[in-house]
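# Observations on the model geometry
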Amino acid sequence: MQQIAWTVSLTLMGIIPLLFLWVTMGASRPQPPGNPFRMRGAVFWVTVITGLAITFATLAPWPMAAQYGATNAPDVVIQATGHQWRWELSQDTVQVGQEVEFQVTSADVNHGFAIYRNKTQLLTQTQAMPGYVNRLRYTFTEPGEYEVLCLEYCGLAHHAMVAKIIVR
Ligand code: CUA
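Since we're looking at a predicted model, the values are computed, not measured. (Residues numbered from 1 in each chain as written. Predicted model: local features only at pLDDT ≥ 70, side-chain atom pairs only at ≥ 80, totals over all residues. Heavy atoms only, no water.)

Now for the pairing of strand 9 (residues 163-167). Residues Ala 163, Ile 165 and Val 167 line the buried face of strand 9, whereas the alternating positions Lys 164 and Ile 166 sit on a face that is not buried. With two bridges joining them, strand 3 (residues 93-94) and strand 9 adopt parallel strand pairing. Across the sheet, the residue bridging to Val 94 is Val 167, located in strand 9. Alignment of strand 8 (residues 144-150) against strand 9, held across five bridges, turns out to be antiparallel. Bridging across to strand 9, Gly 144 finds its partner in Val 167. (Buried < 20%, exposed > 50% of the residue type's maximum accessible area, 1.4 Å probe, protein only. Helix = DSSP H or I, 4+ residues; strand = E, 2+ residues; numbered from the N terminus. Pairing = 2+ DSSP bridges.)

Below you can see the structure in the form of structure tokens.
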């Protein structure tokens, strides 16, 4: 999946300078008659609608469960604090089927608290903000090792903010 995203991004990044080059080279040509902007409104709306459709299609299931209205007590509470550049978890082992509430905060700058499976599949995420606690509930349905990565660029060793959660 990341290989595909990488290839698509590079291809599009390659096309944009070519388009600029094509427009620049055509600047001295006489313009064809008629309103050159007649397609602009249609192109705008096609782009917006296509972008929204792709966003919704590729974000399902939404990696952020509804966090409101939970009145039951969670089975496990884990305090998760982001530091430059590591995660501090009050506990790193849970059981399958337990509802876990992550109480996420930061000791310094904004971090993104994201739980991944196999470092590629984003399961759920929230912001880790200094002076504020975000509550994130999640129930692991399969045993295994999960990774906590940082989703918000937070400085030089941002990529090194990795922790593990073990689900038995
Ligand atoms: Cu912490 Cu990026």
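In this section: the sheet that holds strand 1 (residues 76-83). Strand order in the open sheet made by the four strands is 2-1-4-7, with mixed pairing throughout. Edge positions in the sheet fall to strand 2 (86-89) and strand 7 (134-139), since each of these pairs with one other strand and no more. On average, each strand axis in the sheet is inclined to that of its neighbour by 25°, with strand direction left out of account. The pairing of strand 4 (residues 99-106) with strand 7 spans six bridges and is antiparallel. In the sheet register, Glu 99 faces strand 7, and the bridge partner there is Thr 139. (Axes fitted to C-alpha atoms, helices over the stretch in contact; angles between N-to-C directions.)

What follows concerns the side chain of Gln 103. Here Gln 103 lies in strand 4. For Gln 103, a relative accessible area of 16% gives the class buried. Of note is the side chain of Gln 103, whose polar atom sits 3.0 Å from the side chain of Gln 79. (Polar contact = N/O pair within 3.5 Å; in protein donor to acceptor, adjacent residues only side chain to side chain.)

Within the element layout of this structure, Arg 86 appears in strand 2. Exposure remark for Arg 86: the relative accessible area of 46% places this residue in the partly exposed category. Setting aside residues no more than four positions away along its own chain, Arg 86 makes contact with Thr 81 and Met 161. (Contact = heavy atoms within 4.5 Å.)

Read these as spatial facts, not as claims about activity.
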